[in-house]
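Below are the chains, spelled out letter by letter.
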Amino acid sequence: MGIEGGNLSSEQLQFFDSNGYLVLESFANPAEIESLRKRMEQMLDEFDCSSTASIFSTKNQQQTTNDHFFESAEKISFFWEEKAFDEDGNLKQPKQLAINKVGHALHEKDPVFNKFSSSDKVSGMLRSLGYQRPVVIQSMYIFKQPGIGGEVVPHQDNSFLYTEPTTCTGLWLALEDATIVNGCLWAIPGSHRNGLVRRFLRDENGVHFDRPSPCYNQKDFVPLEVKAGSLVVIHGDLIHQSFENQSSKSRHAYSLHVVDTNGCKWAEDNWIRRNVDPEPLYSC
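Owing to the predicted nature of the structure, the values given are computational and were not obtained by experimental measurement.

A.B. asks: Is there a simple way to think about the overall build of the protein chain in this case?
C.D. replies: For the protein chain, the count of helices and strands is 7 helices and 16 strands. The C-alpha radius of gyration computed for the protein chain amounts to 18 Å, which stays within 12% of the reference 19 Å derived for 284 residues, consistent with globular compactness. Judged by the C-alpha coordinates and their principal axes, the protein chain covers about 55 × 45 × 40 Å. A burial count over the protein chain gives 52% of its 284 residues as buried. Relative to all contacts within the protein chain whose residues are 6 or more apart in sequence, the contacts with residues 24 or more apart total 83%. Here the protein chain displays about 13,100 Å² of accessible surface, and carbon together with sulfur accounts for 48% of that area. The protein chain carries 27 positive and 38 negative side-chain charges, and their two centres are separated by 1 Å.

A.B. asks: Would you mind going over the packing of aromatic side chains with me for this structure?
C.D. replies: The relation between two aromatic rings is expressed through the spacing of the ring centres and the mutual angle of the planes. As enumerated under the stated definition, the model contains 16 aromatic pairs in all. Seen in terms of ring centroids, Phe-47 and Trp-80 are 5.8 Å apart; in terms of plane orientation they differ by 50°. Their pairing is tilted. Within this pair, whereas Phe-47 is found in the loop between α2 (30-46) and β2 (54-55), its partner Trp-80 is found in strand β3 (residues 76-80), the two being separated by 33 residues in sequence. For Trp-80, a relative accessible area of 5% translates into the label buried. Ring geometry for Phe-69 against Phe-79: centres 5.9 Å apart, planes inclined by 75°, an arrangement best described as edge-to-face.

A.B. asks: What is the right way to read the sheet that holds strand β9 (residues 185-187) from this model?
C.D. replies: The strands making up a sheet associate through hydrogen bonds between their backbones, and the pairing can be parallel or antiparallel. Read from one edge to the other, the open sheet built from 4 strands follows the order β6-β14-β9-β12, with strand pairing classed as antiparallel. Unpaired on one side and paired on the other, β6 (152-155) and β12 (222-224) mark the two borders of the sheet. When the angles between neighbouring strand axes are averaged without regard to direction, this sheet yields 25°. In this sheet, strand β14 (residues 240-242) lies alongside β6 in antiparallel orientation, the contact comprising 2 bridges. Paired with His-155 across the bridge in β14 is His-240.

A.B. asks: I keep staring at α2 and nothing clicks. Help me out?
C.D. replies: Residues that lie three or four places apart on an α-helix share one face, since the helix turns once every 3.6 residues. If you check α2, its first and last C-alpha atoms are 24 Å apart, about what 17 residues at 1.5 Å a residue would give, namely 24 Å. A distance of 3.1 Å separates the backbone nitrogen of Ala-31 from a side-chain oxygen at the start of α2, and that oxygen is part of Asn-29.

A.B. asks: How should the state of the cysteines be read in this particular structure?
C.D. replies: Two cysteines, two sulfur atoms, one covalent bond between them: this is a disulfide. Across all of its chains, the model carries 0 disulfides by this definition. Free cysteine Cys-264: the closest other cysteine sulfur is in Cys-168, separated by 11 Å. Summary of cysteine pairing: Cys-284 is not part of a disulfide, and the nearest cysteine sulfur, belonging to Cys-264, is at 13 Å.

A.B. asks: Whenever I open this one, the environment of Gly-20 confuses me. Can you help?
C.D. replies: Secondary-structure assignment places Gly-20 in the loop between α1 (10-19) and β1 (21-24). Distance from Gly-20 to Asn-182, taken between C-alpha atoms, is 23 Å for residues 162 residues apart in sequence. If we ignore the near neighbours within four places in the chain, the residues touching Gly-20 are Phe-15, His-192, Val-233, Ile-234, His-235 and Leu-238.

A.B. asks: Sorry, what's going on with the pairing of strand β4 (residues 99-104) here?
C.D. replies: Where burial is concerned, most of β4 is hidden: 6 out of the 6 residues are buried. The sheet contact formed by β4 and strand β5 (residues 134-142) spans 4 bridges and is antiparallel. What sits directly across from Val-102, in β5, is Tyr-141.

A.B. asks: Teacher, can you tell me more about the pattern of salt bridges here?
C.D. replies: Note that side chains of opposite charge can pair when their charged atoms are close. Summed over the entire model, instances satisfying the criterion amount to 12 salt bridges. A salt bridge links Arg-193 to Asp-17, with the nearest nitrogen and oxygen atoms 3.7 Å apart. Within this pair, whereas Arg-193 is found in the loop between β9 and β10 (200-203), its partner Asp-17 is found in helix α1, the two being separated by 176 residues in sequence. Close ionic contact of Arg-274 with Glu-74 constitutes a salt bridge, the shortest N to O distance being 3.8 Å. Highlighted residues: Arg-274 in the segment after β16 (265-266) and Glu-74 in the loop between α4 (67-71) and β3, separated in sequence by 200 residues. Across the pair, Glu-74 and Arg-274 agree in class, each one buried. A single network of salt bridges, built from pairs that share partners, joins Glu-74, Glu-108 and Arg-274.

A.B. asks: How should the side chain of Gln-12 be read in this particular structure?
C.D. replies: When you line up the elements, Gln-12 lands in helix α1. Within the local environment of Gln-12, its side chain forms a polar contact with the backbone nitrogen of Ser-9, the two atoms lying 2.9 Å apart.

A.B. asks: What should I look at first to understand the environment of Asn-90 in this one?
C.D. replies: Checked against the element boundaries, Asn-90 lands in the loop between β3 and β4. We classify Asn-90 as partly exposed; its relative accessible area is 42%. Those residues in contact with Asn-90 that sit more than four places away from it in its chain are Ala-84 and Phe-85.

What counts, and where the lines are drawn
Residues numbered from 1 in each chain as written. Predicted model: local features only at pLDDT ≥ 70, side-chain atom pairs only at ≥ 80, totals over all residues. Heavy atoms only, no water. Helix = DSSP H or I, 4+ residues; strand = E, 2+ residues; numbered from the N terminus. Rg over C-alpha atoms; globule rule 2.2 N^0.38 Å. Buried < 20%, exposed > 50% of the residue type's maximum accessible area, 1.4 Å probe, protein only. Contact = heavy atoms within 4.5 Å. Areas by Shrake-Rupley, 256 points an atom, 1.4 Å probe, with all protein chains shown as cover. Lys, Arg positive; Asp, Glu negative; His and termini not counted. Charge placed at Lys NZ, Arg CZ, Asp CG, Glu CD. Phe/Tyr/Trp six-rings, centres within 6.5 Å; stacked < 30°, edge-to-face > 60°. Pairing = 2+ DSSP bridges. Axes fitted to C-alpha atoms, helices over the stretch in contact; angles between N-to-C directions. Expected span 1.5 Å × (residues − 1). Polar contact = N/O pair within 3.5 Å; in protein donor to acceptor, adjacent residues only side chain to side chain. Disulfide = S-S within 2.5 Å. Salt bridge = Lys/Arg side-chain N within 4 Å of Asp/Glu carboxyl O.

Right under this line is the structure:
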């Protein structure tokens, strides 16, 4: 499905309401994709490997979360793949092929990423979804490196970015073709209708989930294979995941998470605790 000027059609809204996700083909044009990829390439070239960085893992996030992770909420920070290092702690391959992701304030701190994140078509789409005063609460450039791109276990975005009432929507832009072979997204259609399963909390002891993850039947998941430039819109309660990338091709993506700030409250026990409130994309 395509999109005209950022506004969703009634059919698209109905599909999203029923399934909890929506694929918008050709949301970003080739020039936009190129600009985001080139800018990240430049950032990586300038990144000093000896500077602070941490490993990112959705399997062991309680253990790998540290100050570097917490402070990334208002910075541009680099996170390594779990399998990027050998037993002696040395990188097994060039840094460009060892980074898991860069986040979580690209949309604020970098003009190239800000331009796309605050574009009229993004705002128009959020208006279609009923957002009154949306803010981008986090952004990530995800590499899904060939051979070592890590698994992202089944989860709901509202677990991590909780508002009362819940308002999180994920916007996942494919910067390369995403296929079953190189680790595309998978989702359980309609799972958003079952509500929030658990929350990821931050307290004096660090971060933890308030309850164990349910067991999911892999047969319930459908693959979301998309072409570069496609945007996947993800309801905050949708169960989704991605597998390891065991192929020789990367799967770059730019991911935004949006919450509303009109008539709802940001939870104080979320992992993101900002010193400065984010600017809304617009206010109705």
